[in-house]
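Each chain, letter by letter, is given below.
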Amino acid sequence: MEKRFNTTGACFPEQHYMVDITERLAAIKKMIDLGDYFVINRGRQYGKTTTLNALETYLTPDYLVISMDFQLLSNSDFSTEERFVSAFAREMYRNHLFRQTVSTDTKETVKKIKSDNKSFILADLFDVFCDICTDTEKSVVLLIDEIDTASNNNVFIDFLGMLRGYYLRRNKTTFFKSVILAGVRDIRNLKLKIRNDSEHQHNSPWNIAVEFDVNMSLTADGIAGMLSEYEADHNTGMDIGAVAQLIYDYTCGYPVLVSSICKLIDETIHEWNINGVIAAVNQILTTNMPLFDSLINKLEEYPEMKKSLYQVLTNGQKFSYNPDHKPTKLLLMFGFVKIQDNGIVIANRIFETRLYKNKTLIEAIV
């Protein structure tokens, strides 16, 4: 199968040209080895799902990974506690490694729960979790992707509350070694979408996640490695280092933007040089990418971000980073800005140009 650059969905090394993320996986595994509970929250199309797919394979020699994707659950699966428990069991049972690893009794229990969406509650599901952890010789890791899908559902908030309680008691009962949640929003923002009174904002019972500071951006060297693989296949004669650096200069390593530039050059522009990169960037700036639509939607959903973003974007103001400033936290979470020299700046040149020059987007801000 001929490889290509991918800008939609997860990337797989056997199908797509992609940056080697082994160092990233090793850094995440160190957190898992320590037994951490953490949230990977990054902007849309930032490589979260690609990382989680690769992480599951990377962990398999040492851990049993219970991997869930909440995009596979429907709205009705979150409608009641019983339906959620049944749906969760259904997705667990679909994992062939899970079925091969757990005992027959546990497997039959899960099979029974997945077939009955009226009788079993969260306590039953957590009993199964404990049984799984007791059954297996390996430690067990729970990994849930796309937690944003559940962000308006109280049953999932209850699930998180019980998950916290069992995790904190794991020295008294067999439970998951590590818990990983992935999505755009972190746990506090999930809670705020449902219960946003001031008392709950400041006394969230789920703020047990350790800081996730693993760099998810692509580096210039990483991009060069990907282009080296492409060059070995296509012999374009490109100056790999120069092209990789220019792509990084425009994107600051935002994964989907890197892939978009490469895909345009490969399939449309056919110039692996400075002119080709600039042409690809110009085309991106005039294209209605889902990423840009998502950014503007976030401004409408969280209007408190608009003033701060407008000041950074239009007036060239650079704010000192204040971790307690809510608009700043939101801008960082959704990927509009980044921290640079202890200040807040627009995340990359493409975002800055797109937001500043496009009249429609500027009007959405002001």
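Everything discussed here concerns the structure shown above.
Definitions and cut-offs
- Each chain carries its own residue numbering, running from 1 in the written order of its sequence.
- In view of the model being predicted, local features appear only for residues whose pLDDT reaches at least 70, and side-chain atom pairs are presented and counted only at 80 or more, with totals across whole chains, interfaces and linings using the full set of residues.
- Hydrogens are left out, water is left out, and the side-chain values use all remaining heavy atoms of the structure.
- Helix and strand assignments follow DSSP, with helices taken as H or I runs no shorter than four residues and strands as E runs no shorter than two, numbered in order from the N terminus.
- Each residue's exposure class comes from its accessible area (1.4 Å probe, protein chains only) as a fraction of the maximum for that residue type: buried when under 20%, exposed when over 50%, partly exposed otherwise.
- Per-residue and other accessible areas were derived by the Shrake-Rupley procedure at a 1.4 Å probe size, with only the shown protein chains allowed to occlude residues.
- Only heavy atoms enter the contact rule, under which two residues are in contact if any of them lie within 4.5 Å.
- Two N or O atoms count as a polar contact when they lie within 3.5 Å, although within protein this holds only if one can serve as hydrogen donor and the other as acceptor, and sequence-adjacent residues are included solely when both atoms are side-chain atoms.
- When DSSP locates at least two bridges between a pair of strands, those strands are taken to pair.
- Angular values range over 0 to 180 degrees, each being the angle between N-to-C directions of two axes fitted as lines to C-alpha atoms, with helices fitted over their stretch in contact.
- Every case where a carboxyl oxygen of Asp or Glu lies within 4 Å of a side-chain nitrogen of Lys or Arg is listed as a salt bridge.
- Think of a 1 Å grid over just the protein atoms. A cavity is a set of points where a 1.4 Å probe fits yet cannot get out, a pocket is an open set with protein on both sides within 12 Å along at least five of seven lines, and lining residues have an atom within 4 Å of a point.
- Grid points are joined across faces, edges and corners, and a volume is the space filled by probe spheres set on the points.

Enquirer: Explain the overall build of the protein here, please?
Expert: Helix and strand content of the protein: 18 helices and seven strands. Per-residue burial over the protein gives 50% buried out of 366 residues. Total accessible area on the protein stands at roughly 17200 Å², and carbon and sulfur atoms take up 45% of it.

Enquirer: What exactly am I supposed to notice about unusual backbone geometry here?
Expert: Excluding glycine, most residues fall at negative phi; most peptide bonds, likewise, are trans. The backbone phi angle of N235 is positive, close to 50 degrees, even though this residue is not glycine. Within the secondary structure layout, N235 lies in the loop between helix 10 (220–234) and helix 11 (240–251). Even without being a glycine, C252 presents a positive backbone phi close to 55 degrees. Of note, C252 is situated in the loop between helix 11 and helix 12 (255–269). For C252, a relative accessible area of 18% puts it in the buried group.

Enquirer: It is not clear to me how the environment of E91 should be interpreted in this structure. Could you clarify?
Expert: If you trace the backbone, E91 turns up in helix 3 (residues 81–93). The sequence separation of E91 and D69 amounts to 22 residues, and the corresponding C-alpha distance is 8.4 Å. Contact partners of E91, with chain neighbours within four places excluded, come to M68, L72 and L73. A distance of 2.9 Å separates polar atoms of two side chains, one belonging to E91 and the other to R90.

Enquirer: Would you take a moment to explain the sheet that holds strand 3 (residues 139–145) for this structure?
Expert: Sheet strands pair via backbone hydrogen bonds, and the direction of the pair is either parallel or antiparallel. In space, the four strands of this open sheet follow the order 1-4-3-2, with parallel pairing throughout. Each having just a single partner strand, strand 1 (37–41) and strand 2 (63–69) make up the two edges of the open sheet. Between one strand and the next, the sheet's axes are offset by a mean angle of 15 degrees, whatever the strand orientation. Alignment of strand 1 against strand 4 (residues 178–183), held across five bridges, turns out to be parallel. Bridge pairing in strand 4 links N41 to G183.

Enquirer: What should I look at first to understand the pattern of salt bridges in this one?
Expert: Any two side chains of opposite charge can pair, on the condition that their charged atoms come close. One pass over the structure, following the stated rule, counts nine salt bridges. For E300, the salt bridge is made with K306, and the minimal N-O distance between the two is 3.7 Å. E304 is paired through a salt bridge with K326; the nearest N and O atoms lie 3.6 Å apart. Separated by 22 residues along the polypeptide, E304 in the loop between helix 14 (290–301) and helix 15 (306–314) and K326 in helix 16 (residues 326–333) bring together distant segments of the chain. Residues joined by salt bridges that share partners form a network here, namely D77, R90, E91 and R94.

Enquirer: In this structure, what is going on with the layout of surface pockets? I would like to understand it.
Expert: Any space left empty among the atoms is revealed by the rolling of a water-sized probe across them. There is about 530 Å³ of room inside the second largest pocket. Around the second largest pocket sit 27 residues that line it, and G9, Q45, Y46, G47 and T50 are the ones nearest its centre. Those elements that place two or more of their residues in the lining of the second largest pocket are helix 2 (48–59) and helix 12. In terms of residue count, helix 2 provides more of the lining of the second largest pocket than any other element does, four residues in total.

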